[in-house]
Amino acid sequence: MMEDSGEDMLRSRPNIVTTFFKRLGHTYQLMLDKSTPYTTGRWAFTIFLMLAFIIRILYAQGWYIVTYALAIYHLNLFLAFLTPKIDPALEEMEDEDGPELPTKQNEEFRPFIRRLPEFKFWYSATKATLIGFCCTFFELFNVPVFWPILVMYFITLFCITMKRQIKHMIRYRYLPFTWGKPKFQGKEDLGQK
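Residues numbered from 1 in each chain as written. Predicted model: local features only at pLDDT ≥ 70, side-chain atom pairs only at ≥ 80, totals over all residues. Heavy atoms only, no water.

Observations concerning the overall build of the protein
Thinking step 1. From N to C terminus, the protein includes seven helices and zero strands.
Thinking step 2. Counting from the amino terminus, the protein carries its helices and strands in the arrangement α-α-α-α-α-α-α.
Thinking step 3. Counting across all 193 residues of the protein, residues that qualify as buried make up 26%.
Thinking step 4. Partitioning the contacts of the protein with sequence separation of at least 6, the portion at a separation of at least 24 is 83%. (Helix = DSSP H or I, 4+ residues; strand = E, 2+ residues; numbered from the N terminus. Buried < 20%, exposed > 50% of the residue type's maximum accessible area, 1.4 Å probe, protein only. Contact = heavy atoms within 4.5 Å.)

And the structure:
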């Protein structure tokens, strides 16, 4: 039997476009992995992007609906960042004995695990801001709206959701931030046995 070696060569060799995008994806992931420990730098970059977006909106005098959608998305991300991964309100309704946050002083300490980790929060906020910034260059997204109403809607939505979130935090006694919490240290090992 005779095989067509030319066809086999084409099948075994990866496409140059596929190779390029795989290499680009690996480089992008490597850059993300390297930026993980630099929390302050990452957030400074994101705040710079948000400021550039705001300046673009103020300068162009338009794209208020894009700004409103971006603000709602950022609020959604922030709420997921503040919420515990395992919601104690849902655990109360279920009969299963799963992990839960302590509600009494004598209960065992369980660490606060976020529904949305900090890195994913940063990544999603940065990506959304970049997409919103790009949308401001297309007239299609410049829908004429009366922007003060959108501002009032957002302020109202923000106040209502944050009030509900704070009540949830008080009811189930959790604090999603590490600063302000007591730090416990073990006994120092002096090297003596």
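The rest of the description comes next.
Focus: unusual backbone geometry
Thinking step 1. Although it is not a glycine, Q61 sits at a positive phi angle of roughly 55°.
Thinking step 2. Mapped onto the elements, Q61 comes out in the loop between helix 3 (39-60) and helix 4 (64-82).
Thinking step 3. Under the relative-accessibility criterion, Q61 is labelled exposed at 54%.
Thinking step 4. A positive phi angle is found at W63, which is not glycine, with a value near 60°.
Thinking step 5. Positionally, W63 belongs in the loop between helix 3 and helix 4.

As for the packing of aromatic side chains
Where two aromatic rings form a pair, the distance of their centres and the angle of their planes describe that pair.
Thinking step 1. For the structure on display, the rule yields nine aromatic pairs.
Thinking step 2. Relative to F121, the ring of W43 lies with its centre 5.2 Å away and its plane at 55°, an arrangement referred to as tilted. A residue pair is termed long-range when its members are at least 10 positions apart, and W43 in helix 3 and F121 in helix 6 (residues 118-135) qualify at 78 residues.
Thinking step 3. Taking the relative accessible area as the measure of exposure, F121 reaches 11% and is therefore buried.
Thinking step 4. Relative to F137, the ring of F133 has its centre 5.4 Å away and its plane inclined at 75°; by these criteria the two rings are edge-to-face.
Thinking step 5. On the basis of relative accessibility, which here comes to 51%, the residue F137 falls in the exposed class. (Phe/Tyr/Trp six-rings, centres within 6.5 Å; stacked < 30°, edge-to-face > 60°.)

Topic: the state of the cysteines
Thinking step 1. Considering all chains together, one arrives at zero disulfides under this definition.
Thinking step 2. C135 carries a free sulfur, and the closest cysteine sulfur to it, the one in C134, is 7.2 Å from it.
Thinking step 3. Classification of C135 by relative accessible area gives buried; the value is 16%. (Disulfide = S-S within 2.5 Å.)

Examining the nonpolar core
Thinking step 1. By size, the foremost hydrophobic cluster in this structure holds 14 residues, and its most contacted members are L77, L82, L116, F121 and Y174.
Thinking step 2. Of all the secondary-structure elements, those providing two or more residues to this core are helix 4, helix 6 and helix 7 (147-172).
Thinking step 3. The element contributing the most residues to this core is helix 4, with six residues.
Thinking step 4. Dropping the residues within four chain positions of it, L82 is found in contact with F112, R114, M162, Q165, M169, Y174, P176 and F177. (Core = buried A, V, L, I, M, F, W, Y, C linked by side-chain atoms within 4.5 Å.)

Any link to function would need more than the numbers given here.
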